[in-house]
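Here's the letter readout for the chains.
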Amino acid sequence: MKNEEIWQLVDARRDLMIALSDRVWGMPELCYSEHRSAAEHAAMLEREGFRVTRGAAGIPTAVIGEAGVGGLVIAILGEFDALPGLSQEAGVAERRPVEAGGNGHGCGHNLLGAGALLAATAVKDYLAERRLPGRVRYYGCPAEEGGAAKGFLVRSGAFQDVDVAISWHPASFSGVKDPRSLANTRIDFTFTGRSAHAAGAPHLGRSALDAVELMNVGVNYMREHMPSRARVHYALLDAGGIAPNVVQARATVRYLIRAGDLAELKPLVEWVRTVAQGAALMTQTTVETRVVSAVSNLVGNEPLERVMHEVFLSLGPPQFDEEDRAIAAMFRATLRGDDIAEAYAKAGLPLDPDKELCDLILPLGGRGAGGMGSTDVADVSWVVPTVQASGATCAIGTPFHTWQLTAQGKTAAAHKGMVHTAKAMAGTALAALRDPALVADAKADLRRRTGDQPYVCPLPPGVEPALNMSVVQGGP
Ligand SMILES: [Zn+2]
């Protein structure tokens, strides 16, 4: 069996990385403030003999570990950021926060980071044991939720010499991840008016809150005329205060604008900006904008997807047991029927409402109704052939960004799914290291897909990571 040896190397570090995942689960940190989680990852990399770079691309919580010499460079991407408001006790199938209003790992990035590090460690050990040329580089990427750090890492040249990139995400099902996602950009619009007593001298005031309201009305009228896969969402960051008798002199709304690709996104962003100016004109206020983050759409890679699928097939489905299924059944009982139906629809699978946990490998190319989210892995996928796995770690249908996902972040099933996917990633890395023709094919596939529109960083020049982002609204 050609992958047995590297899978044994994955198993050898299994408990160590499960413990890392559990520790990170217990210290949920947000967007660019993942100081303890990044330190845990850096310490593990050092312990395992990687050459460690902290503060990559000038981002304090970005950590890179490299091992091996010469040869090809395989990147394995991990994450470790959490989400606000999703604090939840582990293993409890009812809403019970550890800390009211606290953070929680509601997208499974504790598993994502530790699983990626597990795969990278196995590849490192394999290269060392066989004395083979080749390097493996673990990228500990912060701020996937809302900060899109990978775009800044790409812009800094951190992927310049990488031949293949591999990542994964926890999910309901195991297999090659659907290589589709939307481009997006997040922009804060801050309106400035003039404060006044709202009853005594309203004619002297100019309301920034009115401007935000008119902007939202204007943007909502855009919707009918947008491409059907485009999306626009907004959140009020600052409504101008809580006193209705004061004309609000300042107000900020954050917009998240998504489209199929950057070409489709650009005119929509310009339109939203024009609407903001219109709202300022109507209210005699002024508007300032700040781009918080931006990501491209994912570029798939057929040769790598084919190889990862073969590795998954040789692995077989994750081996969950009766106890795993009993725990998953408790969580499934808290889900809505349409959450479960949605998971099957997205995977392109027929609905099987009685199944608690994944017992299959997703068919390759059997795409369902997915691809409407965004990810900062996309910017890596434009410059390096990239493949991602889905790894079954939770009851089928558990939506992302929910307390149910936080609660399942330390179950035995989550650990098994993480180790299983680490094996799929390590096997895929090994295939690339063994077969230069595969890497050449993967690069040709990337050129074919992007040839007529080479990568343009979606971040406007001068935009830096929002390290002090005080308000984080949801994920990508
Ligand atoms: Zn996520």
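Residues numbered from 1 in each chain as written. Predicted model: local features only at pLDDT ≥ 70, side-chain atom pairs only at ≥ 80, totals over all residues. Heavy atoms only, no water.

Report on the packing of aromatic side chains, specifying residues and quantitative values.
Counting across every chain of the model gives 5 aromatic pairs. Ring centres of Tyr-139 and Phe-159 lie 4.2 Å apart, and the angle between their planes is 10°; on these two criteria the pair is classed as stacked. One end of the pair, Tyr-139, is in strand 4 (residues 134-141); the other, Phe-159, is in the loop between helix 5 (149-155) and strand 5 (164-171), and 20 residues separate them in sequence. One exposure class covers both Tyr-139 and Phe-159, and it is buried. Ring geometry for Phe-189 versus Tyr-255: centroids 5.8 Å apart, planes at 90°, classification edge-to-face. Placement of the pair is Phe-189 in strand 7 (residues 183-192) and Tyr-255 in strand 9 (residues 250-259), with a sequence separation of 66 residues. In terms of burial, Phe-189 and Tyr-255 fall into one category: buried. (Phe/Tyr/Trp six-rings, centres within 6.5 Å; stacked < 30°, edge-to-face > 60°. Helix = DSSP H or I, 4+ residues; strand = E, 2+ residues; numbered from the N terminus. Buried < 20%, exposed > 50% of the residue type's maximum accessible area, 1.4 Å probe, protein only.)

Account for the sheet that holds strand 10 (residues 286-295), naming residues and giving values.
Across the sheet, which stays open at both edges, the 4 strands sit in the order 8-9-7-10 with antiparallel pairing between neighbours. With partners counted over all chains shown, the strands left at the sheet margins are strand 8 (231-238) and strand 10, one partner each. Each strand of the sheet is rotated relative to its neighbour by a mean of 20°, with strand direction disregarded. Note that strand 8 and strand 9 share 7 bridges and pair antiparallel. Bridge assignment links Val-232 to a residue of strand 9, and that residue is Ile-257. Each of strand 7, strand 8 and strand 9 touches helix 6 (residues 208-220); the most contacted strand, strand 9, lies at about 20° to it. Set on the sheet, helix 7 (residues 262-283) makes contact with strand 7, strand 9 and strand 10; between it and strand 7 the angle comes to about 10°. (Pairing = 2+ DSSP bridges. Axes fitted to C-alpha atoms, helices over the stretch in contact; angles between N-to-C directions. Contact = heavy atoms within 4.5 Å.)

How would you explain the pairing of strand 2 (residues 63-69) if you had to name every residue and give the values?
Most of strand 2 is tucked away, with 5 of its 7 residues classed as buried. Across 4 bridges, the pairing between strand 1 (residues 51-54) and strand 2 is antiparallel. By the bridge assignment for strand 2, Arg-51 is matched with Glu-66. As judged from the 7 bridges shared by strand 2 and strand 4, these two strands associate in the antiparallel manner. Bridging across to strand 4, Val-63 finds its partner in Gly-140.

Go over the pattern of salt bridges with me, naming the residues and quoting the values.
Using the criterion set out here, one finds 34 salt bridges in the structure. Between Glu-5 and Arg-130 there is a salt bridge, with its nearest N and O atoms 2.3 Å apart. On the criterion of sequence distance, the pair formed by Glu-5 in helix 1 (residues 4-12) and Arg-130 in helix 4 (residues 109-130) is long-range, its members being 125 residues apart. Note on Glu-5: relative accessible area 25%, which makes it partly exposed. Two residues, Asp-161 and Arg-137, come together in a salt bridge whose shortest N-O distance is 2.9 Å. (Salt bridge = Lys/Arg side-chain N within 4 Å of Asp/Glu carboxyl O.)

Any details on the sheet that holds strand 11 (residues 386-392)? Residues and values, ideally.
In space, the 7 strands of this open sheet follow the order 1-2-4-3-5-11-6, with mixed pairing throughout. Looking along the sheet, the strands with just one partner apiece sit at the ends: strand 1 and strand 6 (175-176). By the bridge criterion, 2 bridges tie strand 6 to strand 11 in an arrangement that is antiparallel. Paired with Val-176 across the bridge in strand 11 is Ala-389. Strand contacts of helix 13 (residues 412-434): strand 3 (73-79), strand 4, strand 5 and strand 11, with the helix running at about 165° to strand 5, the strand carrying the most contacts.

Can you lay out the packing of helix 2 (residues 14-25) against helix 4 for me, pointing to particular residues and giving the numbers?
Closest axis-to-axis distance for the helix 2/helix 4 pair is 8 Å, and the angle between their directions is 155°. The orientation of helix 2 with respect to helix 4, classified from their angle, is roughly antiparallel. Here helix 2 runs over helix 4; the crossing is right-handed. Each of Arg-14, Met-17, Leu-20, Ser-21, Val-24 and Trp-25 in helix 2 lies in contact with helix 4, whose residues at this interface are Asn-110, Leu-111, Ala-114, Leu-117, Leu-118 and Thr-121. Class assignment of the residues belonging to the contact of helix 2 with helix 4 gives a composition of 8 nonpolar, 3 polar and 1 charged. (Parallel < 35°, antiparallel > 145°, perpendicular 65-115°, else oblique. Left-handed = near helix turned anticlockwise from the far one by under 90°. Nonpolar A, V, L, I, M, F, W, Y, C, P; charged D, E, K, R; others polar.)

So what about the side chain of Lys-150? Which residues, and what values?
Looking at the secondary structure, you find Lys-150 in helix 5. What makes Lys-150 buried here is its relative accessible area of 0%. When near neighbours in sequence (up to four residues on either side) are disregarded, Lys-150 contacts Leu-77, Glu-79, Cys-141, Glu-144, Asp-376, Val-377 and Val-380.

Give me the environment of Lys-423: which residues, what numbers.
Tracing the sequence through the fold places Lys-423 in helix 13. Look at Lys-423 and you get buried, because its relative accessible area is 14%. Separated by 307 residues in the primary sequence, Lys-423 and Ala-116 place their C-alpha atoms 9.8 Å from one another.

Lay out the packing of helix 3 (residues 35-47) against helix 4 with the relevant residues and their values.
Relative to each other, helix 3 and helix 4 sit at 15°, their axes nearing to 12 Å. Taken together, the axes of helix 3 and helix 4 are roughly parallel relative to one another. The two elements helix 3 and helix 4 cross, and the hand of that crossing is right-handed. Between helix 3 and helix 4, the residues in contact are His-41, Met-44 and Leu-45 and Gly-113, Ala-114 and Leu-117, respectively. Broken down by class, the residue content of the contact of helix 3 with helix 4 amounts to 4 nonpolar, 2 polar and no charged.

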